[in-house]
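Residue-level listing of the chains:
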Amino acid sequence: MDIADWEKRYVEAVSNVREQLLNVQGVFVAYNSNIDAMKHIREDEIKKLIGILGCKKVNERIALYPREIKDPVDLMARLIIAMRDGKAAEVPTYSNDIHEWLMDNLVFDSARMGGQAGIISNLLANLGVKNVITYVPWLSREQAEYFADSPNLRHPVMENGELVLKHPKEAYDPQQKPKINWIIEFSRGMKFSCAGEEYKIPRDNRLIVSSRPDWIHIDMAPGMYEHLSDIREGIDGAILAGYQMIKEEYQDGSTYKDYVQRAVNVIQRLKGCNPQMRIHVEFTSIQNKVIRKAILTDIVKKHVTSLGLDTVEVANALNVLGYEELAYSVINKGENSILSLYEGAVMLLRELELQRVHIHSLGYYICVVSKDHPLDADAHRQALLFSSALAATQASLGSIRSLDDISAGLAIPVYGQGYDDLIELERHLVRTGVCTAGDFEDGCISADGHDLIIIPSKVVKEPVATVGIGDAISAGAFVALLAKMPKMNICRMPE
Ligand code: ADP
């Protein structure tokens, strides 16, 4: 099948999913919303900041590779590492001092909704999905301002012992402080020097300084947790993200184990006795390996049905699950990396007892689906195509205001390199007898108890923005699948 055939499939899939989207009753989305302070840093500003802190200090700190930002020198060290390598990075900071220092010395260009759950909630609301229930454990007045002004977007609040749903602007806690992350973007070609070292930035990318003040808890008030069953009937599935904010230890003596247990309890409450409830977890980079492993083996495994992640995150996940060699070949970028990615996806599906693993990469998406998933490979492929058109829309417009915007993404051509990678995988699978070329033509094979669906994606040459595209891909595909799911009778479970 050539690229022109894929383009036809795109048009068909988008048209189908558009018609079906109103079948979705509702989606619950939690936990992480924050305010993103965006700053596109200029060459003169980098030089100014280095000047304030001193080259020697910054250079010594680069060698130490700080995994947490404790002071402005740590910040500058991680920014220079990200710029030197042209790689995206997200580094936590646990105090408010960095925000204040950046406000004094840099100031942001603009602010917008950030955090996977916040971005996904607004996206689904803007796409017109009925009943988007968003939940942020730290909903402040400032945060509420960044939610889409849409009547289909609501947040639970407890009133007189009852759970009621209100727009976030009517549901915030006036005492709550806002969580503000900094996103410092840099451009390819910028040059500067520090302690005799010359730097030339090889790629556009960004450093995210993720603020994690003490009051960040991935949690729910007990009263609300007990009433989750009230919203169960109005939703077909949930998208959960933000577990990376769980800490190993808390000041009150509790540990990550307590928060993992609470996270599992929330999922169990949402599912109730409805085995068809779809639960998607959007993974992200998690520096702490204890937490990364606990999220995968204690929250995702057995409790979650679907997992979304990018290629680096696949490697990170495989690494803590004990597949170091496979993890290495996934990120090695060699000619076999797409094959390793496929093997890695299958490994995650099996190890974590999932029904679906969706990996997005620049140029193609790979999805492996277990045999017990209620939808066929064609439905899964349509969901991926829809999500790729959505991602291209997000990349070319910077935001998605309504479902009609998707025509902008649809107009972006299929990425040639992604198509070539897909052909590479096909050759390998045919050569090793896993499938025939005919099977692969459909972008799917049935082997070893799972289906493989792989599509070439649409890639925008000069994206307006890069943050949140991965979230749009995962949420778009998940909601498209919800729209295609046969509707079940949902039982009410006695509490
Ligand atoms: P984010 O946190 O920004 O969502 P991820 O790494 O999770 O980052 O996702 C980024 C994904 O976005 C990539 O895997 C790729 O599929 C997609 N993407 C990135 N740039 C573009 C682009 N210019 N056009 C279309 N898709 C893109």
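Structural data are supplied above this passage.
All values reported here derive from a predicted model rather than from experimental measurement.

J.: So what exactly am I meant to see when it comes to the pairing of strand 16 (residues 364-370) here?
T.: Each regular strand shows side chains that alternate between the opposite faces of the sheet. Burial within strand 16 is extensive, with seven of its seven residues counted as buried. Residues Tyr364, Ile366, Val368 and Ser370 line one face of strand 16 and the alternating positions Tyr365, Cys367 and Val369 line the opposite face, and both faces are buried. As paired strands, strand 15 (residues 356-361) and strand 16 are joined by six bridges and run antiparallel to one another. Paired with Ile359 across the two strands is Ile366, which belongs to strand 16. Between strand 15 and strand 16, which follow one another and run antiparallel, lie two residues, and Gly363 among them has a positive phi close to 120°. With seven bridges connecting them, strand 16 and strand 18 (residues 450-456) associate as antiparallel partners. By the bridge assignment, Ile366 is partnered in strand 18 with Ile454.

J.: Can you walk me through unusual backbone geometry in this structure?
T.: Among all residues save glycine, negative phi is the norm, and among peptide bonds the norm is trans. With an omega of 10°, the peptide bond running from Ala30 to Tyr31 counts as cis. Topologically, Tyr31 is positioned in strand 1 (residues 27-31). Phi is positive for Tyr65, which is not a glycine, with a value near 45°. Within the fold, Tyr65 resides in the loop between helix 3 (55-64) and helix 4 (72-85). Phi is positive for Ala195, which is not a glycine, with a value near 50°. Following the sequence through the fold, Ala195 ends up in the loop between strand 9 (191-194) and strand 10 (197-200).

Criteria and cut-off values
- Residue positions are counted from 1 within each chain, in the order its sequence is given.
- Per-residue local features are limited, in this predicted model, to residues with pLDDT of at least 70; the limit for side-chain atom pairs, both in listing and counting, is 80 or more; totals at the level of whole chains, interfaces and linings are taken over all residues.
- As a convention, hydrogens and water are excluded, and side-chain values are obtained from all of the structure's heavy atoms.
- Exposure categories follow from relative accessible area, calculated using a 1.4 Å probe and restricted to protein chains: below 20% of the type maximum is buried, above 50% is exposed, and the middle band is partly exposed.
- To qualify as a helix, a DSSP run of H or I must reach at least 4 residues; to qualify as a strand, a run of E must reach at least 2; elements of each kind are numbered from the N terminus.
- Strands are labelled as partners when DSSP assigns at least two bridges between them.

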